[in-house]
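Given next are the chains, with one letter for each unit.
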Amino acid sequence: MRSFAYVVPETVDAAVDALRSAVPGTKILAGGTTLYDLMKLGIEAPPAVIDVHRLPGLDGIEAGADELVFGAGARMADVADHPVVRADYPALSESLWRAASQQLRNMATVGGNLLQRTRCAYFRGGPEFPCNKRNPGSGCAAIGGHDRAHALLGGSDACIATYPGDWAIALLAFDAVVDVVGPDGERTVPLAELHVEPGDDPAREHTLAADELIVRIRVPATAAGRGSTYHKIRDRESYAFALASTAVALTLDEQGVVGECRIALGGVATRPWRATAAEEYLPGRAMTPENARRAGEIAFEGARPGNYNGFRVELGIRTVADAVRIAGERATR
Ligand SMILES: Cc1cc2nc3c(=O)[nH]c(=O)nc-3n(C[C@H](O)[C@H](O)[C@H](O)COP(=O)(O)OP(=O)(O)OC[C@H]3O[C@@H](n4cnc5c(N)ncnc54)[C@H](O)[C@@H]3O)c2cc1C
Ligand code: SF4
C-alpha cells in the first residue's frame, strides 16, 4: 500500500492556500469515485490529496432567471433531481440520471465528474500495455487493437481514448462555463475549452493547472432548455458508459420549423464534441425524420472508425436523429 497525506481545508481560501504550497503531484479529492479508483489501479499515485468534498459553500444549486449555478461540490443526484433542472433543462438532468449508479451519484460531485479519466481498458489494464496516456512514449495498444469503445472523432496517432462523461456533453450543448480559483485569483473557462484532444500529448486532458480548483459551473438560461434531451445508448440500460450519446436542445416555431439548435456528442470522441455543422443544418428546416437523420449524418461526417467500432457511426447517427425527434416533441411552440 502507498501512503499519502490527507489534507482537509475548512474554506475555499484554505483549499487554494493548501494547493499553492502543495508538493507536486498533489490531487484535489471530491467524492473520490474516480480518484480512489485510479489510485487503487496504480494509475494515480498522489503524495497528498486535498479533500474538498465537504467544503462549505461549494455544494449550492441556484436556478435563477438568467443562469443556473451549480457549486462544484453539488452531488450528481441532487442536481439531477432539482425541480427546475428537471423541468426546464431535461438534458442536464438526464445526463446525470443516466450516469453511473444511484450510490455513485449520491457520492460523486458535478465538479469531479468533469475531470474523470477515460475508461480505455488498456489505460486501466496495467503497465504491461503500451499506453501513451499512462506511460508517455510507450505507444497505443488500442490503435489496431480492441477498439470497440474507442473514439471515432478527435483521435490522433497517439491516442483514441474516448472521453467517458455524460454531464459535460449536456453542459457543452448549453454553452456552460466553469469558474476556477487558483493562486492568481478566479478565472472563467468555457466548457468548450476545458477538455483537449490528445494530439501528441495524450497525458494532457484538460486546460486547468494542478493548483486550480473548480468552484462552480454556470449555465446561461436559454429557451431551448425545455426542448432538450440527453439520449444515451449503451450495452445495458443502466450503469454503463455510452457507446454513443448526444445532448440536443432546440426551439420550434408554430409551424414546426427549427429555430435555435444545439447538438453535442458523447461516448464517440476524445473530448466532449460539439456537432457545429449539424447544428447549423437544422435551423429553418421542418422537424421531419429525414431532416433529423440528416443532422446525424452531418454530425458524423468526420468519423474515423478503426477495427471494431465502425458500427457506432450508424449508431451515433440514429442516436442524434432520435434525440432531435425527442427534443422536438418537448419544445414548446
Ligand atoms: C462503476 C462506475 C460507473 C460510472 N459510470 C459513469 C457513467 O455512466 N457516466 C459518467 O458520466 N460517469 C460515470 N462514472 C464516473 C463518475 O460519475 C465519476 O467518478 C464521478 O462523477 C467523479 O466525481 P467525484 O466527486 O467522485 O470526483 P473525484 O473522484 O473525487 O475526482 C475526480 C477528478 O476530478 C478532480 N476534481 C474533483 N473535484 C475537483 C474540483 N472541484 N476542482 C478541480 N478538480 C477536481 C480530482 O482531482 C480528480 O482528478 C462511473 C464511475 C464508476 C466508478
Ligand atoms: S487509446 Fe489512449 S488511453 Fe487507450 S491505450 Fe491508447 S494511448 Fe492509452
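Not measured: the values here are computed from a predicted model.

### Here's the deal with the site of ligand 1
Right, so step 1: The full set close to ligand 1 counts 30 residues, and Ile28, Thr33, Thr34, Thr109 and Asp166 are the nearest of them.
Right, so step 2: Here an oxygen atom of ligand 1 and a backbone polar atom of isoleucine 28 are 2.5 Å apart.
Right, so step 3: Here an oxygen atom of ligand 1 and a side-chain polar atom of threonine 34 are 2.5 Å apart.
Right, so step 4: Examining the composition of the shell around ligand 1, we find that 3 residues originate from one element, strand S2 (residues 27–29), more than from any other.
Right, so step 5: Looking at the shell around ligand 1, its residues break down into 16 nonpolar, 9 polar and 5 charged.
Right, so step 6: In this structure, the shell around ligand 1 is formed jointly by two domains, domain 1 (5–54) and domain 2 (224–330), each of which donates at least three residues.

### Looking at the nonpolar core
Right, so step 1: Counting residues in each nonpolar core, the largest one holds 40 residues, and the members touching the most others are Phe70, Leu92, Leu114 and Trp167.
Right, so step 2: Put simply, the parts of the chain that give this core at least two residues each are strand S5 (67–71), helix H3 (76–80), helix H5 (90–97), helix H7 (110–114), helix H9 (167–173), strand S6 (177–182), strand S8 (213–220) and strand S10 (244–252).
Right, so step 3: When residues of this core are assigned to their parent elements, the largest contribution, 7 residues, is made by H9.
Right, so step 4: Discounting residues that sit within four places of it in the chain, leucine 114 has contacts with Tyr163, Trp167, Ala168, Leu171, Val178, Leu191, Leu194, His195, Ile214 and Ile217.

### Details of the domain arrangement of the protein chain
Right, so step 1: Along its sequence, the protein chain is carved into domain 1 (5–54) and domain 2 (224–330).
Right, so step 2: Summarising the inter-unit geometry, the C-alpha centres of domain 1 and domain 2 are found 36 Å apart.

### Re helix H12 (residues 311–330)
Right, so step 1: The terminal C-alpha atoms of H12 lie 29 Å apart, and with 20 residues this matches the ideal 28 Å at 1.5 Å per residue to within 8%.
Right, so step 2: Along H12, the residues that are buried comprise Arg312, Val313, Gly316, Ile317, Thr319, Val320, Ala321, Ala323, Val324, Ile326, Ala327 and Gly328.
Right, so step 3: Those residues of H12 that are buried are in contact with strand S9 (228–233), S10, strand S11 (258–266) and helix H11 (289–299).

### Quick look at the sheet that holds strand S12 (residues 273–274)
Right, so step 1: Pairing within the open sheet is antiparallel, and its 4 strands lie in the order S9-S10-S11-S12. The open sheet is flanked by S9 and S12, the only strands paired with a single partner.
Right, so step 2: Sheet analysis places S9 next to S10, joined by 6 bridges and oriented antiparallel. Residue lysine 232 lies in a different strand from S10, and its bridge partner there is serine 245.
Right, so step 3: Packing of H12 onto the sheet brings it into contact with S9, S10 and S11, and relative to S10 it is tilted by some 35°.

### Here's the deal with the site of ligand 2
Right, so step 1: Residues in contact with ligand 2 amount to 15 residues; listed here are only the nearest, Cys120, Cys131, Asn132, Cys140 and Cys159.
Right, so step 2: In the shell around ligand 2, the residues fall into 12 nonpolar, 2 polar and 1 charged.

### Quick word on H11
Right, so step 1: Those residues of H11 not exposed but buried are Asn291, Ala292, Ala295, Gly296, Ile298 and Ala299. Buried residues in H11, looked at end-on, bunch into an arc of 165°, giving them a common side. Opposite the buried face of H11, at more than 90 degrees from it, the exposed residues are Pro289 and Glu290.
Right, so step 2: In this structure, the buried residues of H11 make contact with S11, helix H10 (276–281) and H12.

### Describing the sheet that holds strand S1 (residues 5–7)
Right, so step 1: Strands sit in the order S1-S3-S2 across an open sheet of 3 strands; the sheet is parallel. Strand pairing shows two members of the sheet lacking a second neighbour, S1 and S2, which therefore form its edges. Strand-to-strand twist in this sheet, taken as the mean axis angle between neighbours without regard to direction, amounts to 30°.
Right, so step 2: With 3 bridges connecting them, S1 and strand S3 (residues 48–51) associate as parallel partners. Note that in S3 the partner of alanine 5 across the bridge is alanine 48.

### Considerations on the packing of aromatic side chains
Right, so step 1: This model, assessed by the stated rule, comprises 3 aromatic pairs.
Right, so step 2: Ring geometry for tyrosine 89 against phenylalanine 174: centres 5.5 Å apart, planes inclined by 75°, an arrangement best described as edge-to-face. One end of the pair, tyrosine 89, is in the loop between helix H4 (83–88) and H5; the other, phenylalanine 174, is in the loop between H9 and S6, with 85 residues separating them in the sequence. With respect to class, tyrosine 89 is no different from phenylalanine 174; both count as buried.
Right, so step 3: On the numbers, 5.3 Å between centres and 70° between planes, the contact of tyrosine 122 with phenylalanine 129 is edge-to-face.
Right, so step 4: Phenylalanine 129 gets classed as partly exposed once you look at its relative accessible area, which sits at 32%.

Reading the values: rules and limits
- Residues numbered from 1 in each chain as written.
- Chains lettered and ligands numbered in written order.
- Predicted model: local features only at pLDDT ≥ 70, side-chain atom pairs only at ≥ 80, totals over all residues.
- Heavy atoms only, no water.
- Near = heavy atom within 4 Å.
- Polar contact = N/O pair within 3.5 Å; in protein donor to acceptor, adjacent residues only side chain to side chain.
- Helix = DSSP H or I, 4+ residues; strand = E, 2+ residues; numbered from the N terminus.
- Nonpolar A, V, L, I, M, F, W, Y, C, P; charged D, E, K, R; others polar.
- Domains from an automatic or database assignment.
- Core = buried A, V, L, I, M, F, W, Y, C linked by side-chain atoms within 4.5 Å.
- Buried < 20%, exposed > 50% of the residue type's maximum accessible area, 1.4 Å probe, protein only.
- Contact = heavy atoms within 4.5 Å.
- Expected span 1.5 Å × (residues − 1).
- Pairing = 2+ DSSP bridges.
- Axes fitted to C-alpha atoms, helices over the stretch in contact; angles between N-to-C directions.
- Arc of directions from axis to C-beta.
- Phe/Tyr/Trp six-rings, centres within 6.5 Å; stacked < 30°, edge-to-face > 60°.

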